[in-house]
Amino acid sequence: DHIEWIARGIAVRDGRVLLCRNVKGEYTYLPGGHVDFGELAAEALRREFQEETGLDVRVGAGVCCIEARFEQVGKRRHEVSVLFHVEREGTEWPPEVPSRESKIAFDWVTQDRLDHVDLRPPAVLAC
């Protein structure tokens, strides 16, 4: 058992928030991923965007930090997520964000619909 350290990005385009969707499980989360040992959270977020979408991002200010405990596929999880504002590097966000991984997809969701998607962890909505 260990605590997972996660960096997540809040990207907004035309009043919509970018969510990453698990294709198989149909749940969503803010884009990002695990912070590697020796890596700053902002560096990890930039790396994860590049690996998952092929897009370069500029990581802005930290927005909030949340801690969550939950069970996923029968396994207890404990994570701390740092949320950052992110922008595209040198250009605007595309209408469709590509995925380099078959298990995930990216969707722009209007802010008023965030209560209607399976957003994990739910504490993200408080930010």
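Anything mentioned here points back to the structure above.
Here the structure is a predicted model, which means the values were calculated and not measured.

A. Structural context of unusual backbone geometry. Between arginine 120 and the following residue, proline 121, the backbone shows a cis peptide bond with an omega angle of -15°. By the element assignment, proline 121 lies in the segment after strand 8 (104-110). One non-glycine residue, aspartate 14, adopts positive backbone phi at about 50°. Along the chain, the position of aspartate 14 falls in the loop between strand 2 (12-13) and strand 3 (16-22). Overall, aspartate 14 belongs to the exposed group, its relative accessible area being 65%. The backbone of glutamate 26 shows a phi angle near 60°, a positive value even though the residue is not glycine. The residue glutamate 26 is located in the loop between strand 3 and strand 4 (28-29) in this model.

B. Expanded view of the layout of surface pockets. Roughly 540 Å³ of internal volume is contained in the largest pocket. Taken together, 22 residues line the largest pocket, and the ones lying closest to its centre are Arg8, Tyr27, Tyr29, Gln72 and Arg77. Every element with two or more residues in the lining of the largest pocket is listed here: strand 1 (4-10), strand 5 (32-34), helix 1 (41-53), strand 6 (57-72) and strand 7 (75-88). When the residues that make up the lining of the largest pocket are grouped by side-chain class, the tally is seven nonpolar, five polar and 10 charged.

C. Focus on the sheet that holds strand 7. Strand order in the open sheet formed by four strands is 5-1-7-6, with mixed pairing between adjacent strands. At either end of the open sheet lies a strand with only one pairing partner, and these are strand 5 and strand 6. Looking at each pair of strands side by side, their axes are set apart by 20° on average, direction ignored. Here strand 6 runs beside strand 7; their pairing, made up of 13 bridges, is antiparallel. If you follow glutamate 71 over to strand 7, its bridge partner there is arginine 76.

D. Geometry of the packing of aromatic side chains. Counted by the stated rule, this structure contains three aromatic pairs. Measuring from centroid to centroid gives 5.9 Å for phenylalanine 49 and tryptophan 93, while their planes differ by 45°, and the two rings are tilted. Of the two residues, phenylalanine 49 sits in helix 1 while tryptophan 93 sits in the loop between strand 7 and strand 8, which places them 44 residues apart along the sequence. This pair shows no difference in class: phenylalanine 49 is buried, exactly as tryptophan 93 is. Ring geometry for tryptophan 93 and tryptophan 108: centres 5.9 Å apart, planes at 70°, overall edge-to-face. Of the two residues, tryptophan 93 is situated in the loop between strand 7 and strand 8 and tryptophan 108 in strand 8; the sequence distance between them amounts to 15 residues. Accessibility assignment for this pair places tryptophan 93 and tryptophan 108 in one class, buried.

The rules behind the values
- Per-chain numbering applies: the sequence of each chain, read as written, is numbered from 1 onward.
- The predicted origin of the model limits local features to residues at a pLDDT of at least 70 and limits the giving and counting of side-chain atom pairs to 80 or more, whereas totals for whole chains, interfaces and linings rest on all residues.
- Note that water and hydrogens are dropped before the side-chain values are worked out from all heavy atoms of the structure.
- For helices the rule is a DSSP run of H or I covering at least 4 residues; for strands it is a run of E covering at least 2, with both sets numbered from the N terminus onward.
- When accessible area is computed with a 1.4 Å probe and restricted to protein chains, residues below 20% of their type maximum are described as buried, those above 50% as exposed, and intermediate ones as partly exposed.
- Cavity means a closed set of points on a 1 Å grid over the protein atoms alone, one where a 1.4 Å probe fits but cannot get out, pocket means an open set with protein on both sides within 12 Å along at least 5 of 7 lines, and lining means a residue has an atom within 4 Å of a point.
- Grid points are joined across faces, edges and corners, and a volume is the space filled by probe spheres set on the points.
- Residues are grouped as follows: Ala, Val, Leu, Ile, Met, Phe, Trp, Tyr, Cys and Pro are nonpolar; Asp, Glu, Lys and Arg are charged; every other residue, Gly included, is polar.
- Paired strands, as defined in this entry, are two strands with at least two bridges between them according to DSSP.
- Structural elements are reduced to axes, namely lines fitted to C-alpha atoms, with helices fitted over the stretch in contact, and the angle between N-to-C directions of any two is expressed from 0 to 180 degrees.
- Pairing of aromatic rings covers Phe, Tyr and Trp, the last through its six-membered ring, and needs centres within 6.5 Å; plane angles under 30 degrees mean stacked, over 60 mean edge-to-face, and all others mean tilted.

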